[in-house]
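Tertiary structure, described
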Amino acid sequence: MAQQSKAVRRTPLTRDRVLRAAVALADDIGIEALSMRRLAQELGVVPMALYKHVANKEQLLTGMVDVVMGEIDPPAPGADWKGAVRRRILSARRAFLAHSWAAQVLQSRSSPTPVVLAYMDSVIGMFRTGGFSVDLTHHVMHALGSRMMGITQELFDASPGRDSQAQAVAPQVGAGEFPYVMELAGAVAHDERSVVGQGCDDQFEFEFALDLLLDGFERLRQQGWSSAGRSRGKGR
């Protein structure tokens, strides 16, 4: 009777439970340490039990990204296009920042899942219903790039233990050799916890660039901009 009662109380293993457990485990130990065996141990099952719900680790990783995508707030009804796009992208950023491994996994996928496509479709729809032509929307999406997911990539990674750009640059250059780089690097306060720009405020820089893009998109929309007749692939 005791064994039967224990079996009744056991939470059934489902695909959703497997994926959510994998997300929590990756948050805890890192994506590199995540394995099917380690996940099975976490769930208290044999590894083979996982394969009834995910065919392999690659399918597991893809499903984990979908779980993170599910944390993005739904579009706000009745909002203007700019506010709606801004909120949607910043919500995506919060979701990916909450799971530091997720951006890496998303960018390693060869094609988007239906969940990712649904998110992209919603963002595209905000531009289209906001009065953007198909042509302009096409170029807007290229301009946003990974920023649509709240993800950006700096040209140079921050150096651990460096609390300012000036400190990072100084050992590499002679005094006065690059005066404008040094001037800019030493002119602003930096956050040593940041991962971009050797200490710049990540969130501020992200929103600054996003707002510039959105304002520029609006100007083009008002002008009725079209790519028709413009030179392509000629460096102009």
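For the structure itself, look to the data block above.
Let us look at the structure shown here. (Residues numbered from 1 in each chain as written. Predicted model: local features only at pLDDT ≥ 70, side-chain atom pairs only at ≥ 80, totals over all residues. Heavy atoms only, no water.)

1. Notes on helix H5 (residues 57-69)
At 3.6 residues per turn, the α-helix brings residues three or four places apart onto the same side. The first and last C-alpha atoms of H5 sit 18 Å apart over 13 residues, in line with the 18 Å expected at 1.5 Å per residue. Those residues of H5 lying buried are Leu60, Leu61, Gly63, Met64, Val65, Asp66, Val67, Val68 and Met69. In this structure, the buried side of H5 is in contact with helix H2 (15-29), helix H3 (36-43), helix H6 (81-98), helix H7 (102-108) and helix H8 (114-129). Capping the start of H5 is the job of one residue whose side-chain oxygen sits 3.2 Å from the backbone nitrogen of Glu58: Asn56. (Helix = DSSP H or I, 4+ residues; strand = E, 2+ residues; numbered from the N terminus. Expected span 1.5 Å × (residues − 1). Buried < 20%, exposed > 50% of the residue type's maximum accessible area, 1.4 Å probe, protein only. Contact = heavy atoms within 4.5 Å. Polar contact = N/O pair within 3.5 Å; in protein donor to acceptor, adjacent residues only side chain to side chain.)

2. Re the side chain of Ser91
Its location among the elements puts Ser91 in helix H6. Ser91 sits in the buried class, given a relative accessible area of 3%. Beyond its immediate stretch of four places on either side in the chain, Ser91 contacts Glu71, Ile72 and Asp73.

3. Observations regarding the environment of Trp81
Mapped onto the elements, Trp81 comes out in helix H6. Of the residues examined, Trp81 reaches a relative accessible area of 10% and is grouped as buried. Trp81 sits 44 residues away from Gly125 along the chain, and the two C-alpha atoms are 9.2 Å apart. Apart from residues lying up to four places away in sequence, Trp81 is in contact with Met126, Phe127, Gly130, Phe132, Leu214, Phe217, Glu218 and Arg221. A distance of 3.0 Å separates a polar atom in the side chain of Trp81 from a polar atom in the side chain of Glu218.

4. A look at the side chain of Arg88
Structurally, Arg88 is set in helix H6. Put simply, Arg88 is tucked away with no salt bridge, and the nearest opposite charge, on Asp73, sits 7.3 Å away. For Arg88, the side chain forms a polar contact with the side chain of Ser122, separated by 3.1 Å. Contacts of Arg88, omitting those with residues within four sequence positions, involve Ile72, Asp73, Pro74, Pro75, Tyr119, Ser122, Val123 and Met126. (Lys, Arg positive; Asp, Glu negative; His and termini not counted. Salt bridge = Lys/Arg side-chain N within 4 Å of Asp/Glu carboxyl O.)

5. Some points on the nonpolar core
Membership of the largest hydrophobic core comes to 56 residues, with the highest contact counts inside it found for Leu39, Leu60, Met64, Phe96, Trp101, Tyr119 and Phe127. Ranked by residues supplied to this core, first place goes to H6 with eight residues. Residues within four places of Phe96 in sequence aside, it is in contact with Val68, Met69, Ala102, Ala103, Leu106, Met149 and Ile151. (Core = buried A, V, L, I, M, F, W, Y, C linked by side-chain atoms within 4.5 Å.)

6. Notes on the packing of helix H9 (residues 134-144) against helix H12 (residues 202-223)
In the contact formed by H9 and H12, the axes pass within 11 Å of each other and the chain directions differ by 165 degrees. Classed by the angle they form, the pair H9 and H12 counts as roughly antiparallel. Judged by the twist between their axes, the crossing of H9 over H12 is right-handed. Touching Leu136, Val140, Ala143 and Leu144 of H9 are Leu210, Leu213, Phe217, Leu220 and Arg221, all from H12. Within the contact of H9 with H12, the residues separate by chemical class into eight nonpolar, no polar and one charged. (Axes fitted to C-alpha atoms, helices over the stretch in contact; angles between N-to-C directions. Parallel < 35°, antiparallel > 145°, perpendicular 65-115°, else oblique. Left-handed = near helix turned anticlockwise from the far one by under 90°. Nonpolar A, V, L, I, M, F, W, Y, C, P; charged D, E, K, R; others polar.)

7. Here we look at the packing of aromatic side chains
Under the criterion given, the structure shown has five aromatic pairs. Here Trp81 and Phe127 contribute two aromatic rings whose centre-to-centre distance is 5.3 Å and whose plane-to-plane angle is 45 degrees, an arrangement assigned as tilted. On the criterion of sequence distance, the pair formed by Trp81 in helix H6 and Phe127 in helix H8 is long-range, its members being 46 residues apart. This pair shows no difference in class: Trp81 is buried, exactly as Phe127 is. Considering the side-chain rings of Phe127 and Phe132, the 5.1 Å spacing of their centres and the 75 degrees angle between planes classify their relative orientation as edge-to-face. The burial state of Phe127 is the same as that of Phe132; both residues are buried. Looking at Arg93, its charged tip hangs above the ring of Phe206, at a distance of 4.5 Å from the centre. A cation sits over an aromatic face here: Arg147 above Phe206, 5.1 Å from the ring centre. (Phe/Tyr/Trp six-rings, centres within 6.5 Å; stacked < 30°, edge-to-face > 60°. Lys NZ or Arg CZ within 6 Å of the ring centre and 35° of its normal.)

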